[in-house]
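# Summary of structural features
Residues per chain, in single letters:
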Amino acid sequence: VMADTKPLVLVDGSSYLYRAFHAMPSLSNSRGEATGAAYGVINMLRRLLNDYDPEHVAVVFDAKGKTFRDEMFPEYKANRPSMPDELRGQIAPIHAMVEAMGFPLLMVEGVEADDVIGTLARQAEAQGMRVLISTGDKDMAQLVDSHITLVNTMTDTLMDEAGVNEKFGVSPDQIIDYLALIGDTSDNVPGVPKVGPKTAAKWLQAYGTLGAIISHADEIKGKVGEYLRDSIASGQLQLSCQLVTIKCDVALQQGPAELRRRPADIEVLKRYYSEMEFKNWLAELLGSTAPSTPAGSAAENAKQADIAVDYETVLEWAQFDNWLTRLQQAELFAFDTETTSLNYMDAAIVGLSFAVEPGKAAYVPLAHNYPGAPAQLPRDEVLARLKPLLEATTHLKVGQNLKYDMSVLANYDISLRGIAHDTMLESYVLDSTATRHDMDSLALKYLGHKNIKYEEVAGKGAKQIGFNEVALEQAAPYAAEDADITLRLHQALWPRLEGMPELAALYTDLEVPLLSILSRIERHGVLVDSAMLQQQSGELAVKMQQIEAEAFAEAGERFNLASPKQIQTILFEKMALPVLKKTPKGQPSTAEEVLAELAQDYPLPRLILNYRSMSKLKSTYTDKLPLMVSPHTGRVHTSYHQAVAATGRLSSSDPNLQNIPVRSEEGRRIRQAFIAPPGCKILAADYSQIELRIMAHLSADTGLLKAFAAGEDVHRATAAEVFETPLAEVTAEQRRSAKAINFGLIYGMSAFGLAKQLDIDRAAAQEYVNLYFARYPGVKAYMDVTREQAKEQGYVETVFGRRLYIPDIKSSNGQRRQYAERTAINAPMQGTAADIIKRAMLTVDGWLQEQLDIHMVMQVHDELVFEVPEPRLDEARAKIIELMSAAAELQVPLLVEAGVGINWDEAH
């Protein structure tokens, strides 16, 4: 008897397949292929292995085609919709992954997965084995006894005999009768009309079995008794009983003892995890094995078999000179700095790493100062010897996010030149949405390689140490790998970019040169008036207290305005406001857009929104900006991100300059704290209505082109057309509506969205949209063509050839598809605007390099901000407008407006 050994584990694959599909419908890879069901099923199997580590196991799926139940009752499962395409596409990969994980996979024709599991469970029990059935299906409860237990691996609940009793109110041997009585709508099993779980359990407790209920049917009172007698007379109850009974005598090829788990096939799993983009699992596999050939599609990119690595730690001058010679002779070398901080203004160099060919790299430690650290080459001298090489335009460099290294080297008076490539930007230009563009993600995606993580050498969280405290034994392989992998990534990515000349040009002529300009802007920084900000913080605190008092009066009690939970209780339970949207957990949502909609009719949500926006301004800007002032420069230094926004726009952080509201009084006051130094003024130059102008260019609509060419106010012109009013008689209200339509269409807004924005009914909004399209047919044609193009090729392009991939455009999920269609229409405009302002930054910077006393200090949306000495204002303003206006040749003129002031708000 095998009672003490591990149980036989039988997995109901089909039950998990559907549950996983419905639980995670929105998961997809960067090609837009659904992966949710696969993720759910494999995740569940991984948990099962972790919890039980079974030796005897099988995963059972329904086979294709009809079963004996369909012959018994043709309507069986008739009301189940056919399998969605998104799920069908995942079946074969799931089966392949299940087998690659080492599980025996069973599918038997003519019966269901339940029948195969029932048969194996009873056979195993007869051989003295314990059985664990992993399922989410209640029908399986009929199999439970002293040897057979159910586990729902998704919810982690076990069910034994007592558990069945507790859940259903009947014992396992009464489950078939219980299921026959209640029927099953999802399988179309009839049951007895109006008999639910409570009635069925009550009858079975009173009479014991279905047979007894049938023979005492006359005693059961009321309407439900009539239904029972009708079901017996028609034979429907007996049929239901047969349909819900699991068949435990299926003829099978293998018995329980032969169902043994095999070792996993790592290579196959790597291929599927790579294709499905299950990054963490892929990383885990790569971490557990020697570096191997990259998985699946990554293999074509990398074209590299196992690369033996040879990393050197440079502690002697002779070694250093040898490497310096290699670097001087190399056509291109990769390099990376290791530092004490992510903040480029404070970072001190701890070491440098270099690579000249795949697998060969060196780490030169310079400032590891833990107890017992070996003697290292002196930092100042090493940097002095490297300076000519790093500053030479003739020696070409590649790095990952070189803007950071450039800024850190500048702290040591080294101006990094000869920047030929940046792998972060290569990946970003190639496909901005396929992956995050940090080195670990890129190595995994494009090389099938798992990098050593920073946390692995320096520790996590509060226990994390500085890189200068990391022992060389760990530090050197980590740092050298960074340089090596950067070089290999470049070799994998650059040929792909070269194959697309427009993208290669965008990368080489725009993104790479921009990196150096951004480093200069960041390091120069911008002056803020800390005293003014502190005063604003105080005023915001007072305003927030006033709002709080009003809110408490509205609600009739005190509550925490920053707590979504308390807001939810007050708004939806106490005040019973309409619930417009629920959270994934089924709670009423208190999200921004929900409160904004409620705020149109109710004062409390409006107060909460006001409080939230003030609290955000206070914590993000007025409290924080003074703390961000650098002690070295007395200025604030943001970080611009070139590889984050999908459309090509720059984003910024610490502080985020793009998010200071321009419409609200409080936001404008924060802009007043961005000031010019003595003797200078702030000059802000802004592209006016650039996305609308790009829309006119892309759609070549004659009406729009005419309005822009004539220099008309385009919103007035649109109002005149849509409302059929002479230009001179357009009212402010009509212009406001036209503006909402113009901007709404750029963002792919529907009539529904427009109705909300203009506070009119949907039919009226639709009428506006129809009128607009009738007046500007070119715009309508452009939108239709763009949608089709996006569907056909999976991406849209800017005027300059930047590609914006839109994987969801083919999704069968309507909401995601519509969002993707809106993105497809807007992305070429946003992306072209991004390209134009970047081109402007290049030409303007070229001019600034000769000026020395004028500085570009910020880039925000469609605006460039400068510090200009007062005597040079007129000259600078004229030149900057000229250069920005000439940044692109479109079918309509680019209009640049420039203002001047003692602070950013006044200049804006």
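Treat the numbers as computed from the prediction; the structure is a model and nothing was measured.

Another point: the overall build of the protein. When helices and strands are tallied, the protein shows 37 helices and 22 strands. In terms of principal-axis extent, the alpha carbons of the protein reach across some 105 × 80 × 55 Å. Classification of the 908 residues of the protein by burial places 52% in the buried group. A sequence separation of at least 24 residues applies to 67% of the contacts in the protein between residues at least 6 apart.

Along the chain, Val 57 turns up in strand 2 (residues 57-60). Sequence-distant contacts of Val 57, defined by excluding residues within four places in its chain, comprise Leu 8, Val 9, Phe 103, Pro 104, Leu 259 and Arg 261.

Applying the stated criterion to the full structure yields zero disulfides. Cysteine Cys 241 shares no disulfide, and the gap to the nearest cysteine sulfur, in Cys 248, comes to 13 Å. Relative accessible area serves as the criterion here: at 19%, Cys 241 is assigned to the buried category.

To continue, consider empty space enclosed by the protein. Counted under the stated rule, the structure contains four cavities of 30 Å³ or more. If you go around the largest cavity, the residues you meet are Gln 536, Glu 539, Leu 540, Lys 543, Leu 617, Thr 622, Glu 666, Arg 669 and Ile 670. If you tally residues by element for the lining of the largest cavity, the top one is helix 23 (residues 530-555), at four residues. Considered class by class, the residues forming the lining of the largest cavity number three nonpolar, two polar and four charged.

Overall, the prediction assigns the protein a mean pLDDT of 90, with 97% of residues at 70 or greater. In the model, residues 289-305 has pLDDT below 50 throughout and makes 30 contacts with residues more than four positions away in sequence or in other chains.

A sheet is described by the order of its strands in space; here four strands give the open sequence 20-21-17-22, paired in antiparallel fashion. Where the open sheet ends on each side, the last strands, each with one partner, are strand 20 (855-860) and strand 22 (896-901). Within this sheet the neighbouring strands show an average axis-to-axis angle of 20°, counted without direction. Sheet topology note: the strand 17 (residues 680-687)/strand 22 ladder contains six bridges and is antiparallel. Note that in strand 22 the partner of Ile 682 across the bridge is Gly 901.

A word on the sheet that holds strand 3 (residues 105-106). Reading across from one edge, 3-2-1-4-5-6 is the order of the six strands in this open sheet, with mixed pairing throughout. Single-partner strands in this sheet number two, and they are strand 3 and strand 6 (157-159).

Bringing the pattern of salt bridges into the picture now. Under the definition given, this model contains 49 salt bridges. For the salt bridge of Glu 511 with Arg 802, the shortest nitrogen-to-oxygen distance reads 2.6 Å. Separated by 291 residues along the polypeptide, Glu 511 in helix 22 (residues 501-524) and Arg 802 in the loop between strand 18 (795-797) and strand 19 (803-805) bring together distant segments of the chain. For the pair Glu 511 and Arg 802, one class covers both residues: buried. Put simply, Lys 780, Asp 784, Arg 787, Lys 791 and Glu 821 are held in one network by salt bridges that share partners.

So, on to the side chain of Thr 423. Counting through the fold element by element, Thr 423 comes out in helix 18 (residues 423-430). Exposure remark for Thr 423: the relative accessible area of 0% places this residue in the buried category. One polar contact links Thr 423 to Gln 400, side chain to side chain, over a distance of 2.6 Å. Look past the residues within four positions of Thr 423 in its chain and what remains in contact with it is Val 398, Gly 399, Gln 400, Leu 442, Thr 486, Leu 489, His 490 and Leu 493.

This next bit is on the packing of helix 18 against helix 22. Where helix 18 meets helix 22, the axes come as close as 10 Å, and the angle between the chain directions of the two elements is 140°. Relative to helix 22, helix 18 is oriented oblique. Helix-helix and strand crossings are classified by hand; for helix 18 and helix 22 the assignment is right-handed. On the side of helix 18, the interface is formed by Leu 425, Glu 426, Tyr 428, Val 429 and Leu 430, while helix 22 contributes Leu 503, Leu 506, Tyr 507, Glu 511, Val 512 and Leu 515. For the contact of helix 18 with helix 22, the residue count by class is nine nonpolar, no polar and two charged.

Grouped together as the largest cluster of nonpolar side chains are 170 residues, with contacts concentrated most on Phe 674, Tyr 687, Ile 836 and Met 858. The element contributing the most residues to this core is helix 22, with 11 residues. Counting residues in each nonpolar core, the second largest holds 54 residues, with Leu 8, Val 164, Ile 182 and Ile 232 among its members.

Rules and cut-offs
Each chain has its residues counted from 1, following the order in which its sequence is written. A pLDDT threshold of at least 70 governs which residues receive local features in this predicted model, and a stricter bar of 80 or more applies before side-chain atom pairs are shown or counted, although totals over entire chains, interfaces and linings include all residues. Side-chain measures were taken over the full set of non-hydrogen atoms in the model, leaving aside hydrogen atoms and water. By definition, any uninterrupted DSSP run of H or I lasting at least four residues is a helix, any uninterrupted run of E lasting at least two residues is a strand, and each is numbered from the N terminus. A simple rule labels every residue: compare its accessible area, found with a 1.4 Å probe on the protein chains alone, to the largest value its type can have, and call it buried under 20%, exposed over 50%, or partly exposed in between. Should any heavy atoms of two residues lie within 4.5 Å, those residues are considered in contact. We call a pair of cysteine sulfur atoms a disulfide when they lie within 2.5 Å. Space inside and on the surface of the protein is sampled on a 1 Å grid over the protein atoms alone, with a cavity defined as a set of points where a 1.4 Å probe fits but cannot get out and a pocket as an open set with protein on both sides within 12 Å along at least 5 of 7 lines; lining residues have an atom within 4 Å of a point. Grid points are joined across faces, edges and corners, and a volume is the space filled by probe spheres set on the points. Each residue gets one of three labels, nonpolar for Ala, Val, Leu, Ile, Met, Phe, Trp, Tyr, Cys and Pro, charged for Asp, Glu, Lys and Arg, and polar for the others, Gly among them. The predictor attaches a confidence to each residue, called pLDDT, with possible values from 0 through 100. Pairing between two strands requires that DSSP report at least two bridges joining them. Angles run from 0 to 180 degrees between N-to-C directions of axes, and those axes are lines fitted to C-alpha atoms, restricted for helices to the stretch in contact. For this analysis, a salt bridge means a side-chain nitrogen from Lys or Arg found within 4 Å of a carboxyl oxygen belonging to Asp or Glu. We define a polar contact as two N or O atoms separated by no more than 3.5 Å, with the added condition that, inside protein, one atom must be a possible hydrogen donor and the other a possible acceptor, whereas residues neighbouring each other in sequence contribute only through side-chain atom pairs. In these notes the angle categories are as follows: under 35 degrees is roughly parallel, over 145 is roughly antiparallel, 65 to 115 is roughly perpendicular, and the rest is oblique. Left-handed describes a crossing whose near helix is turned anticlockwise from the far helix through less than a right angle; right-handed describes the clockwise counterpart. What is meant by a nonpolar core is a set of buried Ala, Val, Leu, Ile, Met, Phe, Trp, Tyr and Cys residues, joined one to another through side-chain atoms within 4.5 Å.

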